[in-house]
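# Coordinates in review
One-letter residues, chain by chain:
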Amino acid sequence: QVQLVESGGGLVQPGGSLRLSCAASGNMFSIYVMGWYRQAPGKQRELVATITSGGNTNYADSVKGRFTISRDNAKNTVYLQMNSLKPEDTAVYYCNADPDFYTVVTARGSWGQGTQVTVSS
């Protein structure tokens, strides 16, 4: 089972940017579908973005045009570039991984511990 470690969260003002990273263990990273989820207090965990092993991406409507998911297979890392941040983006962000796309989009892959993003003035 792959181990995942997220980083890059923090406090940012509305309109600002952050880049989250998720580093994966092992030597099979390149075949994994990677997903970013988020969970705000009192809300269900929400799928934000996914990227396949071939680099195909998908985004939630709420982040389209503001967030970009990317991956660096040489570094075993997936990124989430977040621009034009809004207070409603405040949440704990988690990455999820599995070789199967359906497993990731149904939140049944491996999880990291999460990183807090707070958007506030």
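In short, a report on the structure. (Residues numbered from 1 in each chain as written. Predicted model: local features only at pLDDT ≥ 70, side-chain atom pairs only at ≥ 80, totals over all residues. Heavy atoms only, no water.)

What describes a pair of aromatic rings is the distance from one ring centre to the other and the angle between the planes of the rings. Overall, the coordinates contain two aromatic pairs when judged by the stated rule. Between Y37 and W111, the ring centres sit 5.0 Å apart and the planes meet at 65 degrees, which makes this aromatic pair edge-to-face. With Y37 in strand 4 (residues 33–39) and W111 in strand 10 (residues 110–111), this residue pair connects regions lying 74 residues apart in the sequence. Here Y94 and W111 contribute two aromatic rings whose centre-to-centre distance is 6.1 Å and whose plane-to-plane angle is 85 degrees, an arrangement assigned as edge-to-face. Of this pair, Y94 sits in strand 9 (residues 91–98) while W111 sits in strand 10, and the two are 17 residues apart along the sequence. (Phe/Tyr/Trp six-rings, centres within 6.5 Å; stacked < 30°, edge-to-face > 60°. Helix = DSSP H or I, 4+ residues; strand = E, 2+ residues; numbered from the N terminus.)

Ranked by internal contacts, the top residues of the largest apolar core, which has 29 residues, are M34, W36, L80, M82 and Y93. Apart from residues no more than four positions distant in its own chain, Y93 is found in contact with E6, L20, W36, Y37, R38, V48, F67, L80, M82, G114, T115 and V117. (Core = buried A, V, L, I, M, F, W, Y, C linked by side-chain atoms within 4.5 Å. Buried < 20%, exposed > 50% of the residue type's maximum accessible area, 1.4 Å probe, protein only. Contact = heavy atoms within 4.5 Å.)

On the basis of which strands lie adjacent, the open sheet formed by four strands has the order 1-3-8-7 and antiparallel pairing. Whereas interior strands pair on both sides, the edge strands pair on one side only; in this sheet they are strand 1 (4–7) and strand 7 (67–72). Taking each pair of neighbouring strands and ignoring which way they run, the sheet shows an average axis angle of 15 degrees. As defined by bridge partners, strand 1 adjoins strand 3 (residues 18–24) across four bridges and the pair is classed as antiparallel. Note on strand 3: the bridge partner recorded for L4 is A24. (Pairing = 2+ DSSP bridges. Axes fitted to C-alpha atoms, helices over the stretch in contact; angles between N-to-C directions.)

On to the pairing of strand 11 (residues 115–119), then. Only one face of strand 11 is buried: it carries T115, V117 and V119, and the other face, with Q116 and T118, is open. Bridge count between strand 2 (residues 10–12) and strand 11: three bridges; the pairing is parallel. Directly across from L11, in strand 11, lies its bridge partner T118. Alignment of strand 9 against strand 11, held across three bridges, turns out to be antiparallel. Directly across from V92, in strand 11, lies its bridge partner Q116.

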